[in-house]
Amino acid sequence: FFFQAEDGIRDFCLSRGLGDVYKRQIVFTGGIEKGKLISKAAADNLVPCLLELGGKNPTIIDEGANLDNAALRIIQGRFLNAGQTCLAPDYLFIHESIRAIFTEKLLKTVKEMFGENPKQSKDFSRIINSFHFKRLKNLLEGHGGRILTGGQADENERYIAPTLIADPKVESPLMSEEIFGPILPIFSFSTIDEVIAFVNSRTKPLAFYYFGPVLSKNKARLLQETSSGAIVFNDAVFQLGNLHLPFGGVGHSGNVKLGGQAGFDALSNLKSVMDRATINSFPFNLRFPPFTSAKQRAFSFMVKYLDFPQHYILRFILLIFLLLIAVRAFKSDKVGPLIIQLLQELLGVPSGPSKGHKEDL
């Protein structure tokens, strides 16, 4: 059973008894705190609970990156649906050598996508409800950073302008919780070690985005030394559109993969089925007492080297049996010459013995 955070959590899973409709499986999409409540209620009733919780998705812009591409895809990914997507880039780390020029490209891209006044843009969404509008408005206060663009808010329209904030305090609420809105913090880095240490000191994100050279060593290090639901190179958000990729988080960002074969498996009962033959002669009798030393040696050998399904062993035994029959038939007076004649016809060899030979194949 699926439901969203804004459903009131269906009267908190029908007052934690969950109800008959919930007793097969729960798939919950929402925030971490509500996810904890759902997970606890599910555990109390032994109901499988799959969580997709989002998180703060780090985005790295390394030296050598295609900056035009990065600006387009980051601004689109962050401000799609006014930032109200769990996969949106949540904060940027820009290499110090390119921060100035890339920041200008970000500001330029915001204007190109949403115009001089984004409030009038048909392509810029509004915040889903008053609760989240007020939450986001509070994030715009007391962060200690510098607003580069945006920051305007209109409660009547639930409008918050696309906002870029330089160097907010890392301990501020803006950097402590998932933003889920049109606000993008920006930081600098000089070495990839700084980024890895910062990301690993926090809860594991739903996605990790890296913009940089294809053969970058930093790219390889992020792949090996960080953990996230997904890692995407030179794009953002649109991994969700690939139906062959599992979608989901790890740790605080979720515990399930939905999408592709992984999603089918997650929502299915993978029932084990075993259908055995009734043969109990060698080698299948090795499992039964008494366990002589010869049996134990044979059994150990089979476990170590012959880890095959039973039907493979039966086919192998049948093949050996047929080969023995074929060899015996070939040696017989009637079948052997017949096979030799067929081979002569197939190979185009003249029949009958040649001079100096008893037979010539």
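Note: the structure precedes this text.
What you see is a predicted model; the values in this text were computed from it and never measured. (Residues numbered from 1 in each chain as written. Predicted model: local features only at pLDDT ≥ 70, side-chain atom pairs only at ≥ 80, totals over all residues. Heavy atoms only, no water.)

## Brief notes about the overall build of the chain
The helix and strand inventory of the chain stands at twelve helices and 14 strands. Looking at the chain as a whole, 38% of its 361 residues qualify as buried. (Helix = DSSP H or I, 4+ residues; strand = E, 2+ residues; numbered from the N terminus. Buried < 20%, exposed > 50% of the residue type's maximum accessible area, 1.4 Å probe, protein only.)

## Quick look at the side chain of aspartate 154
Of note, aspartate 154 is situated in strand β7 (residues 153–154). In this structure the side chain of aspartate 154 is engaged in a polar contact, spanning 3.0 Å, whose partner is the backbone nitrogen of asparagine 156. With residues up to four places along the chain from it excluded, the contact list for aspartate 154 reads Lys119, Phe133 and Tyr159. (Polar contact = N/O pair within 3.5 Å; in protein donor to acceptor, adjacent residues only side chain to side chain. Contact = heavy atoms within 4.5 Å.)

## Quick notes on the packing of aromatic side chains
Applying the stated rule across the entire model yields eight aromatic pairs. Ring plane angle 75° and centroid distance 5.3 Å describe the contact between phenylalanine 93 and phenylalanine 198, whose orientation is recorded as edge-to-face. Residue phenylalanine 93 is found in strand β5 (residues 89–95), and its partner phenylalanine 198 is found in helix α7 (residues 192–200); the two are separated by 105 residues along the sequence. The buried category is assigned to phenylalanine 198, whose relative accessible area is 16%. Both rings, one in phenylalanine 124 and one in tyrosine 159, keep their centres 6.0 Å apart while their planes meet at 75°; by these two values the pair is edge-to-face. Remark: tyrosine 159 occurs in strand β8 (residues 159–160) and phenylalanine 124 occurs in the loop between α4 (99–114) and α5 (130–139); sequence separation between them is 35 residues. Given the relative accessible area of 5%, phenylalanine 124 is considered buried. The buried category is assigned to tyrosine 159, whose relative accessible area is 4%. Cluster of aromatic residues (ring-pair linked, three or more members): Phe79, Phe114, Phe124 and Tyr159. (Phe/Tyr/Trp six-rings, centres within 6.5 Å; stacked < 30°, edge-to-face > 60°.)

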